[in-house]
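Report on the structure
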Amino acid sequence: NLAANMPGFRGQILVFLDISDPANPKEAGRWWEYGQKEDEPAPATPISYHGPAIIDGNTAYVGYSNEVLILDISDITHPKEISHLTMWPPFRGGIPVHDVLWIPDKKVLYAHSESTAGDNPQSASCDEPFFLSGLVDVKDITKPRLMSLFPTPIPPKDAPYRDFCGKGG
């Protein structure tokens, strides 16, 4: 799976590739949020997929712009939404849900935002809205729920910066 700019769409969408013949990859399926297709009304806030999707059997776990998305991919040519958990609001910083990490033995996803402010300490992520760094319970894939948030990290006392915003990178 990959994030792709496709003709007729706004922003990147999720595309599944068949690479059974590596010399000739072929599109196997695609997913997009309503409003990304050019003939659909544009959303108030741009939507773009960054990925990757995490695949477990016939289920894809996806961080997709403003939400955690769970897809049924048993028919890869027509992925179907099982459920989603909207994260914006309140998590608006940069890309609200950049991607997820599957923790299979716990049936939990780690979901996080990505800053888009850059490395300039004067405009770093500490000036952006609240970021997501948390765990999503997916024991029942039809009802994902945010179960915890990670605290803002604090640098070691001997670090040459007061916070990670001042560090950059």
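That block above? That's the structure.
Note that the coordinates shown come from a computational prediction; the quantities given were computed from them, not determined experimentally.

As for the overall build of the protein chain
Counting its secondary structure elements, the protein chain contains one helix and 11 strands. Its helices and strands taken in sequence order, the protein chain reads β-β-β-β-β-β-β-β-β-β-β-α from the N to the C terminus. Principal-axis analysis of the C-alpha atoms gives the protein chain an extent of 55 × 35 × 35 Å. A buried classification covers 38% of the 169 residues belonging to the protein chain. About 9700 Å² of surface is accessible on the protein chain, with carbon and sulfur atoms providing 56% of the total. Considering the protein chain, the positive charge centre built from 14 side chains and the negative charge centre built from 22 side chains are found 5 Å apart.

Remarks on the pairing of strand β9 (residues 108-114)
Two faces make up the sheet, and in a regular strand the side chains alternate between them. Burial runs high along β9: five of the seven residues are buried. In textbook terms, the turn of a hairpin is the stretch between consecutive antiparallel strands, and for strand β8 (residues 95-103) and β9 this stretch comprises four residues, one of which, K107, has a positive phi near 55°. Across five bridges, β9 lies against strand β10 (residues 133-137) in antiparallel orientation. Its bridge partner being in β10, L109 is matched across the sheet by V136.

Calculation criteria
- Residues numbered from 1 in each chain as written.
- Predicted model: local features only at pLDDT ≥ 70, side-chain atom pairs only at ≥ 80, totals over all residues.
- Heavy atoms only, no water.
- Helix = DSSP H or I, 4+ residues; strand = E, 2+ residues; numbered from the N terminus.
- Buried < 20%, exposed > 50% of the residue type's maximum accessible area, 1.4 Å probe, protein only.
- Areas by Shrake-Rupley, 256 points an atom, 1.4 Å probe, with all protein chains shown as cover.
- Lys, Arg positive; Asp, Glu negative; His and termini not counted.
- Charge placed at Lys NZ, Arg CZ, Asp CG, Glu CD.
- Pairing = 2+ DSSP bridges.

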